[in-house]
Amino acid sequence: TSLNEHIHTSLTDHLHFALKRLKNGVEIKNPFRFEIELAYPREYAVAVELTEWLEKELSVNIPEDEVGFITLHIHSAISKASIANLTKRTQIVSQLISIAENSLKITLDRSDINYSRFIRHLHFALDRIESGKYVENAEFLKDVLQKECSFCYSIAWKMIKYMQKQLKKKIPDAESVYLTLHLQRLYNAIQ
């Protein structure tokens, strides 16, 4: 994969400051590490490999939370997206998870396959919204889900309203269908 040239300076600077913080005993916290790992598994694997090499070469212990930050730099270099945009996106996904958990009154199991699918769906939804390339009309499914899965459908709309506010873009009804399906799967798992 070709990488954006900025990775040479941005990742090097990031690693320099991270190692400096670790040397000074500053704890590195990344509240989005798990979501980053699920969203960018290939980049995360490369970041793990890089940190293992750094640990061996520099005799330093790099925490997993730092691996998440390194992952964002690698994904940024591949996707040509800014770190700021990737961070904002990760924060949006994290908040959407909170909305789902609070509304369902549960804590989602981060190791569950349905959670992984949900995270990936949220990232794909953000891709569609940002690119303006939406899925086909899902009016029939919307009507069915609105009746049969009204609780999860209402949660999906809370999430859509949050995304609209954060992204300042209108989101088509079809997204509510796919969100409802994922939420219903999570909800059924706890019943």
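Residues numbered from 1 in each chain as written. Predicted model: local features only at pLDDT ≥ 70, side-chain atom pairs only at ≥ 80, totals over all residues. Heavy atoms only, no water.

Undergrad: Whenever I open this one, the overall build of the protein chain confuses me. Can you help?
TA: A tally of regular secondary structure across the protein chain gives nine helices and zero strands. For the protein chain, the N- to C-terminal ordering of α and β elements is α-α-α-α-α-α-α-α-α. Based on the C-alpha atoms only, the size of the protein chain along its principal axes is roughly 60 × 35 × 25 Å. At a minimum sequence separation of 6, the contacts of the protein chain that also span at least 24 residues come to 74%. As presented, the protein chain carries roughly 10,600 Å² of accessible surface, and 54% of it is formed by carbon and sulfur atoms. (Helix = DSSP H or I, 4+ residues; strand = E, 2+ residues; numbered from the N terminus. Contact = heavy atoms within 4.5 Å. Areas by Shrake-Rupley, 256 points an atom, 1.4 Å probe, with all protein chains shown as cover.)

Undergrad: Which parts of the structure should I look at to understand the environment of K161?
TA: The residue K161 is located in helix α8 (residues 150-167) in this model. For K161, a relative accessible area of 55% puts it in the exposed group. Taking the C-alpha atoms as reference points, K161 and I171, separated by 10 residues in sequence, lie 8.5 Å from one another. (Buried < 20%, exposed > 50% of the residue type's maximum accessible area, 1.4 Å probe, protein only.)

Undergrad: Would you explain empty space enclosed by the protein in this entry?
TA: The method is simple in principle: a probe with the dimensions of a water molecule rolls over the atoms, and the space it marks as empty is what remains. Enumeration according to the criterion identifies one cavity of 30 Å³ or more in this entry. By volume, the largest cavity amounts to about 30 Å³. Every residue along the wall of the largest cavity is listed here: L15, A18, L19, L22, I62, E66 and I70. Looking at the lining of the largest cavity, the elements that each hand over two or more residues are α1 (7-23) and α4 (64-79). (1 Å grid on protein atoms, 1.4 Å probe; cavity = no way out; pocket = protein on both sides within 12 Å on 5 of 7 lines; lining within 4 Å. Points joined across faces, edges and corners; volume = space filled by probe spheres on them.)

Undergrad: Which parts of the structure should I look at to understand the environment of F151?
TA: Mapped onto the fold, F151 is located in helix α8. On the accessibility criterion, F151 (37% relative accessible area) is partly exposed. The spatial distance from the C-alpha of F151 to the C-alpha of L104 is 9.0 Å, given a sequence separation of 47 residues. Each residue touching F151, except ones within four places of it in the same chain, is listed here: S103, L104 and Y187.

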